[in-house]
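# Reading the structure
Each chain, letter by letter, is given below.
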Amino acid sequence: MQSVLFPLSAVLAVLAGYLIGSLSFAVIVSRLMGLSDPRSYGSGNPGATNVLRSGNKAAAILTLVFDALKGYVPVMLVLKFGPPYDLEEGTAALVGLAAFVGHLWPVFFKFIGGKGVATAAGVLLAINPWLGLSVLGVWIAMAVVFRYSSLASLAAAVAAPLLQMLVWDVGPELPAIALMSLLLIWRHAANIKKLMAGTESKLGQKAAPAAAPAAKSHRHEQSREKREHKHSHKPRQHNK
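Residues numbered from 1 in each chain as written. Predicted model: local features only at pLDDT ≥ 70, side-chain atom pairs only at ≥ 80, totals over all residues. Heavy atoms only, no water.

## Some details on unusual backbone geometry
Here the phi dihedral of Lys110 falls at roughly 55 degrees; this positive angle occurs in a residue that is not glycine. Turning to its location among the elements, Lys110 is positioned in the loop between helix 5 (89-104) and helix 6 (117-127). You can call Lys110 exposed: its relative accessible area is 72%. The residue Phe111 is not glycine, and still its phi comes out positive at about 60 degrees. Tracing the backbone shows Phe111 in the loop between helix 5 and helix 6. (Helix = DSSP H or I, 4+ residues; strand = E, 2+ residues; numbered from the N terminus. Buried < 20%, exposed > 50% of the residue type's maximum accessible area, 1.4 Å probe, protein only.)

## A look at the layout of surface pockets
With a probe scaled to a water molecule rolled over the atoms, the places where space remains empty come into view. Volume-wise, the second largest pocket comes out at about 170 Å³. In terms of lining residues, the second largest pocket is bounded by 13 residues, among which Ala13, Pro74, Leu77, Val78 and Leu87 are the most central. Only helix 1 (2-21) and helix 4 (57-81) provide two or more residues apiece to the lining of the second largest pocket. (1 Å grid on protein atoms, 1.4 Å probe; cavity = no way out; pocket = protein on both sides within 12 Å on 5 of 7 lines; lining within 4 Å. Points joined across faces, edges and corners; volume = space filled by probe spheres on them.)

## Observations concerning the packing of helix 7 (residues 129-146) against helix 8 (residues 149-167)
Where helix 7 meets helix 8, the closest approach of the two axes is 8 Å, and the angle between their N-to-C directions is 150 degrees. Taken together, the axes of helix 7 and helix 8 are roughly antiparallel relative to one another. Our pair here, helix 7 against helix 8, has a crossing hand that is right-handed. Judged by residue contacts, Leu131, Ser134, Val135, Val138, Trp139, Met142, Ala143 and Phe146 of helix 7 engage Ser149, Leu151, Ala152, Ser153, Ala155, Ala156, Ala159, Ala160, Leu163 and Gln164 from helix 8. Grouping the amino acids of the contact of helix 7 with helix 8 by side-chain chemistry returns 14 nonpolar, 4 polar and no charged. (Axes fitted to C-alpha atoms, helices over the stretch in contact; angles between N-to-C directions. Parallel < 35°, antiparallel > 145°, perpendicular 65-115°, else oblique. Left-handed = near helix turned anticlockwise from the far one by under 90°. Contact = heavy atoms within 4.5 Å. Nonpolar A, V, L, I, M, F, W, Y, C, P; charged D, E, K, R; others polar.)

## Remarks on the pattern of salt bridges
All told, the structure shown has 2 salt bridges when counted by the stated rule. Residue Asp37 pairs with Arg39 through a salt bridge whose shortest N-O separation is 2.6 Å. Take Asp37: its relative accessible area is 25%, and that puts it in the partly exposed class. (Salt bridge = Lys/Arg side-chain N within 4 Å of Asp/Glu carboxyl O.)

## Considerations on the packing of aromatic side chains
As enumerated under the stated definition, the model contains 2 aromatic pairs in all. Here Phe25 and Phe66 contribute two aromatic rings whose centre-to-centre distance is 5.1 Å and whose plane-to-plane angle is 25 degrees, an arrangement assigned as stacked. Pair noted here: Phe25 is in helix 2 (residues 25-32) and Phe66 is in helix 4, with a separation of 41 residues, a long-range link. What makes Phe66 partly exposed here is its relative accessible area of 35%. Ring geometry for Trp105 against Trp186: centres 6.0 Å apart, planes inclined by 35 degrees, an arrangement best described as tilted. (Phe/Tyr/Trp six-rings, centres within 6.5 Å; stacked < 30°, edge-to-face > 60°.)

## Considering the confidence of the model for the protein chain
Segments scoring low in pLDDT should not have their predicted coordinates read at a detailed level. On average, the protein chain scores 85 in pLDDT, and the residues at 70 or more come to 82%. Throughout residues 1-5 the model reports pLDDT below 50, and contacts reaching past four residues in sequence, or to other chains, amount to 1 contact. Below pLDDT 50 for its whole length, residues 210-221 participates in 2 contacts with residues either more than four positions away or in separate chains. (pLDDT = per-residue confidence, 0-100.)

Laid out in structure tokens, this is it:
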């Protein structure tokens, strides 16, 4: 009975972590505060950095806090209440990874999620508070110096597994931390291209809504002007 119960409890814990991670607080907070959907402007990323581009700092802070909590709380619940059910550090790390994956591909929001920086930070703070604070320090230092949230996030993603290996023990949580870092870097692929091209937005920079409608309107206006210009130069036919 125990051999069936314990794996089942781990599966349920991981599933719960994923469902909690699927709560996209960037969208939820924006709706509650009467703001535009963060997926409709700026980078289109439902995360705190893009919400900040709306100009509402309170909404951005709330998004950041709740996105971090949805990574922190599930892990802490497993660490505190899991041992009687044979849920140890390895399972807690998997639950944190599941919450992170839920943020990336949220079942409640058509699997369109954010990049997971705040959620990953919450997971790290729960797994190893000193590691979480160290990685947060890397993020803050890079953000203050370069003013690019994406660059700070990439540096933090690289630092997390390295610090875990070099400073703390290589335990069962390391694979989950490494996988989170790889997924986070992968989710920043577009930002890496923008950084290399020098077109990446800086922290606090307001972003306009998607430019597609405006571009379409501009193309329509150009087409109309060309038609008018063509008709104005068409030779007139004279009656004989």
